[in-house]
Amino acid sequence: MSVNFILVTISYLSSLIANVIVLLGAVSLFTWLEKETERNFIARHRNLVLCAMGISFIVLAYGEAWTNGHSSSNLIGFHWTYLNVVIVAVYNLLLRVKTKWILALTLVLTAAWMLATRPLAVVTAGMYAKLVFVMVLECGVYRFADQIQKTAAMYFVDFTIFFLRGVSGWDLTCTRNSH
């Protein structure tokens, strides 16, 4: 086993663990904001605060993925650890906030990521089809949020479909160093 492989593995795993810790912190803050009733500002503007926090978190993860994908000429793919965070964040925002604003913002961010990371001349019809499919899934999660949250089995099955489609469609939104 080469030293480079060991270093890449350690770096990838430490990045993944750090992202999980950050995600758990964000989920804790998000849950607190959902339940907070003592502060008038939060009570009056709960959806706005939740939307702003969720979108900020997704933008942070996108920024980290983009930075890691463009910071080296090596084909390492550290952006995948951030992809996991983005998928979990988008899915849970759509389920828990359930506003048209969060749906619109996640759709815009999904499309913007594809357009921001590839020259338009490189975007193929297949990539557009994958983008549309991912966006349709986002709309489906938003539309059926209440039904999805009723049972753990429904949540698991739906999240698995959302996750697998997100991962398999990520080539439409990945950074230049991912292939």
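Basis of the calculations
- Residues numbered from 1 in each chain as written.
- Predicted model: local features only at pLDDT ≥ 70, side-chain atom pairs only at ≥ 80, totals over all residues.
- Heavy atoms only, no water.
- Helix = DSSP H or I, 4+ residues; strand = E, 2+ residues; numbered from the N terminus.
- Buried < 20%, exposed > 50% of the residue type's maximum accessible area, 1.4 Å probe, protein only.
- Expected span 1.5 Å × (residues − 1).
- Phe/Tyr/Trp six-rings, centres within 6.5 Å; stacked < 30°, edge-to-face > 60°.
- Salt bridge = Lys/Arg side-chain N within 4 Å of Asp/Glu carboxyl O.
- Contact = heavy atoms within 4.5 Å.
- Patch = residues over 30% accessible without salt bridge, like charges linked within 9 Å, V, L, I, M, F, W, Y side chains within 5 Å.
- Areas by Shrake-Rupley, 256 points an atom, 1.4 Å probe, with all protein chains shown as cover.

## Quick look at unusual backbone geometry
Of note, the phi angle at Lys98 is positive, near 50°, even though the residue is not glycine. When you line up the elements, Lys98 lands in the loop between α4 (79-96) and α5 (100-117). Accessibility expressed as a relative area gives 36% for Lys98, which makes it partly exposed.

## With respect to helix α1 (residues 3-35)
Within an α-helix, residues lying three or four positions from one another point in the same direction, as the helix has 3.6 residues per turn. Between the first and last C-alpha of α1 there are 48 Å, a value that for 33 residues agrees with the 48 Å anticipated at 1.5 Å per step. Regarding α1, the residues found buried are Ser15, Asn19, Leu23, Ala26, Phe30 and Leu33.

## Observations regarding the packing of aromatic side chains
With the rule as written, the count across this model stands at 2 aromatic pairs. Here the aromatic rings of Tyr91 and Tyr155 are separated by 5.3 Å at their centres, their planes lie at 75°, and the arrangement is edge-to-face. With Tyr91 in helix α4 and Tyr155 in helix α8 (residues 152-168), this residue pair connects regions lying 64 residues apart in the sequence. The buried category is assigned to Tyr91, whose relative accessible area is 0%. Using a relative accessible area of 30% as the deciding quantity, one classes Tyr155 as partly exposed. Consider the rings of Tyr91 and Phe159, whose centres lie 4.9 Å apart with planes at 70°: the pair is edge-to-face. Of the two residues, Tyr91 sits in helix α4 while Phe159 sits in helix α8, which places them 68 residues apart along the sequence. By way of ring pairs, the aromatic residues Tyr91, Tyr155 and Phe159 are connected into one cluster.

## So, the pattern of salt bridges
Going through the model one piece at a time under the given rule, you end up with 3 salt bridges. With a shortest N-O distance of 2.4 Å, Glu34 and Arg96 are connected by a salt bridge. Placement of Glu34 in helix α1 and of Arg96 in helix α4 is noted, with a sequence separation of 62 residues between them. For Glu34, a relative accessible area of 25% translates into the label partly exposed.

## Topic: the environment of Met135
Secondary-structure assignment places Met135 in helix α6 (residues 125-143). A sequence separation of 27 residues divides Met135 from Val108, and the C-alpha atoms of the two residues are 9.4 Å apart. Leaving out residues up to four positions away in the same chain, Met135 has contacts with Leu107, Thr110 and Ala111.

## Considering a nonpolar patch on the surface
On the surface, Met1, Phe5, Ile6 and Ile10 cluster together into a nonpolar patch covering about 470 Å² of accessible area. Locating Ile10 in the fold gives a position in helix α1. For Ile10, a relative accessible area of 51% puts it in the exposed group.

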